[in-house]
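Topology and contacts: notes
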Amino acid sequence: MSMNGKKLIELRGITKSFDGEVVLDNISLDIYEDEFITLLGPSGCGKTTTLRIIGGFESPDSGDVFFDGVRINDTPPYKRHINTVFQRYALFPHLNVYENIAFGLRVAKVKDDEEISNRVREMLEMVNLKGFERRHVTTLSGGQQQRVAIARALINKPRVLLLDEPLGALDLKLRKDMQNELKNMQKRTGITFIYVTHDQEEALSMSDTVVVMNEGSIMQIGTPTDIYNEPKNAYVADFIGESNIVDGVMLDDFSVKMSGQTFVCVDKGFGKNTPVDVVVRPEDVDVVAPESGMLRGKVTSVTFKGVHYEVIVDIGGFKWMIQTTDYVAPDAVIGIDIEPDAIHIMNKSEYSGMFGDYSSFSDELDALSENSEEEED
Amino acid sequence: MKKSFLERASAYPHIVWSVLFIIAPLIFVVYYTFTDADGAFTTENIARLFTSNYVLIFVNSVCLALIATVICLVIAYPLAYIFSRMREKWQRIMILLIMIPLWMNFLITTYSWMTILEDTGIINSILSVFGLSVHMINTPGAVVVGMVFCFLPYMILPIYTVMSGIDEKLLEAAADLGCSGWQRLTKVVMPMSLSGVISGITMVFVPSISTFYISQKLGGGTFQLIGDTIESYFVGTAINYHFGAALSLVLMILILISMAVMNHYTDAEETERRRIK
């Protein structure tokens, strides 16, 4: 696993502003050899700027970047052992597929034509574009251009590959395929991948490590399961998947009170009678008969999602989201049960009370905010 | 696809225009070239061109036009590059500054250069303070200065247009793949801006080689260019439409050949690019 690897890149106290607006606020991050690490956050959170600082396209206002223990703040991009797959590919329109991929070798003054052609062919094979050598890049589909961009970035055998929302412009099906391919490529080559995305599902399914960012700060660093199961604050819990985040009081170790009921949980060490945020994932809530439930509420909306129904339940004025495979009728009164290990306790933070209530929930709003993410900083 | 009557009719004004002002004059030029004063067929006008006197005039014209074109390119290329990398607001201001001289009639511009370059002109007035003086007016150098000044915008604008279309991300990608600043220029900017350079060269070379006003005013008639010579046979003392037409025809052919050569280079590149295996 990556954490056992050698530390390759260190960011220490990176701060960066554009026109007086702080984009990165004192970021520190370690990146290891052979790691697939994802910078995840909404647009404007500073993830792309972080990537550009690692690539050398921006320099930090303060703080240091180390590569293999050497400070590289002032090293220009062309001297770094780092290559980039750009957001909109940035393929050279005056060159064909072969020459686009060979570009790095030609710049590195590889004179042996046979070596160039062997390595280009090897790259084309890896990205499944055999036979496309002579095609002009503008005649390729988005997915094919994407593959050329990856091949072009990998041909110089970089130590690190930066990927800036590389799948953003592809349709859903293609995106899923490319996610798998990228993950396999990373495993096969052993190159450190630093991946930027606003898509939490993509981040969870591909990464060894996920870095959740918001407004120029790092919220949490961890494995996908850590991030999902043990979110540090309400922001992370809300951004990664759906969450019900309820006000609670930790009565004692393993005992929490919320919505007027006392629940058994697996968390401890918060002290007695401490106000906390309680996270319950919608898929961890069991629907039961009203009289036997730990909590009781009225269904306000039911949406069919394919694998499950998404049910919004009003419990004492707080609207919970529940995902269940059993149909419940709108306006029905239902009971819910929550297992101890489905309850996750978080300390109160500046994000408490801002997320995790589904009273203003609407699919339309969700879709709108997702579209506005497309245009990344 | 069959075009409607209206669609076809809308082309007629242009056809009439072309016939009246392009095709008819061309036919006249060819007619005059191959006839003598009595209207009889002759090739003497063409033969007369190849006497040393006129060959020299052609060579001089080509040389001066080439020098002016090269100087324009050397000045325009870096300027166009710098403009294209400026912030948008500054790009607009710079392009406006380049365009302003074009709003002025170039006869006026040429006259201004006369007063600047004259022996008693602005430059020499300033130099005389230091007891110096340089003879500039009525030299080939003065003609080249005039050509460069008048035609420089026609070099800058097409190159700038192409360069401003080069995405900054491409330069970043080049840097990412190991290109130093100079290599970014030679490996990305230059090949991508070639089409702009070609049209710039054509737009400067063609008016330079056929100019007669600049060479008369700044060259002072001390030497003749092809444009002057043609003019002299139509409005000068030795009016001879037939020989003037022959000179024009050869000049046109010369320009067409050089444009064909230029286009050949860009076309070859285009087809190479478009070729699909």
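Model, not experiment: these values are computed from the prediction. (Residues numbered from 1 in each chain as written. Chains lettered and ligands numbered in written order. Predicted model: local features only at pLDDT ≥ 70, side-chain atom pairs only at ≥ 80, totals over all residues.)

1. Topic: the overall build of chain A
Counting its secondary structure elements, chain A contains nine helices and 20 strands. Along the three orthogonal principal directions, the C-alpha set of chain A runs to about 80 × 40 × 40 Å. Taken across its 377 residues, chain A has 40% of its residues classed as buried. Look at the contacts in chain A between residues 6 or more apart in sequence, and 67% of them connect residues 24 or more apart. (Helix = DSSP H or I, 4+ residues; strand = E, 2+ residues; numbered from the N terminus. Buried ≥ 20, exposed ≤ 12 C-beta atoms within 10 Å, placed from the backbone. Contact = placed C-beta atoms within 7 Å.)

2. Concerning unusual backbone geometry
Residue and element names in this part refer to chain A. A positive phi is found at Asp19, a non-glycine position, where the angle reads about 50°. For Asp19, the position within the fold is in the loop between β1 (7–18) and β2 (21–32). We classify Asp19 as exposed; it has 5 C-beta atoms within 10 Å. Within the chain, Glu165 stands out as a residue other than glycine whose phi angle is a positive 40°. Tracing the backbone shows Glu165 in the loop between β7 (160–164) and α5 (172–189). Its 23 C-beta neighbours within 10 Å are what place Glu165 among the buried residues.

3. Focus on the sheet that holds strand β20 (residues 343–347) of chain A
Residues and elements named next belong to chain A. Reading across the sheet, the five strands line up as β13-β12-β11-β14-β20 and stay open at both edges, with antiparallel pairing between neighbours. What marks the edges here is a single partner per strand, and that holds for β13 (261–264) and β20. Neighbouring strand axes in the sheet, compared pairwise and without regard to direction, differ in orientation by 40° on average. Bridge analysis of strand β11 (residues 244–252) against strand β14 (residues 274–280) gives seven bridges, and the strand direction is antiparallel. Looking at β14, one finds that Asp247 is bridged to Asp277. (Pairing = 2+ DSSP bridges. Axes fitted to C-alpha atoms, helices over the stretch in contact; angles between N-to-C directions.)

4. Here we look at the interface of chain A and chain B
The interface of chain A with chain B comprises 22 residues on the first partner and 21 residues on the second. Among the elements that take part in the side of chain A that touches chain B, helix α2 (residues 97–107) of chain A stands out by supplying three residues, more than any other.

5. Let's talk about the domain arrangement of chain A
According to the domain assignment, chain A consists of domain 1 (2–229) and domain 2 (242–372). Computed from C-alpha atoms alone, the centre-to-centre distance between domain 1 of chain A and domain 2 of chain A is 37 Å. (Domains from an automatic or database assignment.)

6. A look at α2 of chain A
Residues of α2 of chain A that are buried: Val97, Asn100, Ile101, Ala102, Phe103, Gly104 and Leu105 of chain A. Of the residues trailing α2 of chain A, Lys109 of chain A is marked for its positive phi of about 60°.

7. What to know about the sheet that holds strand β16 (residues 295–304) of chain A
All names here are of chain A. Reading across from one edge, β15-β19-β16-β17-β18 is the order of the five strands in this open sheet, with antiparallel pairing throughout. Either end of the sheet is taken by a strand with one partner, and the two such strands are β15 (285–288) and β18 (318–324). Between one strand and the next, the sheet's axes are offset by a mean angle of 45°, whatever the strand orientation. In the sheet, β16 pairs with strand β17 (residues 309–315) via six bridges, with the strands oriented antiparallel. Among the inter-strand pairings, Val299 is bridged to a residue of β17, identified as Val313.

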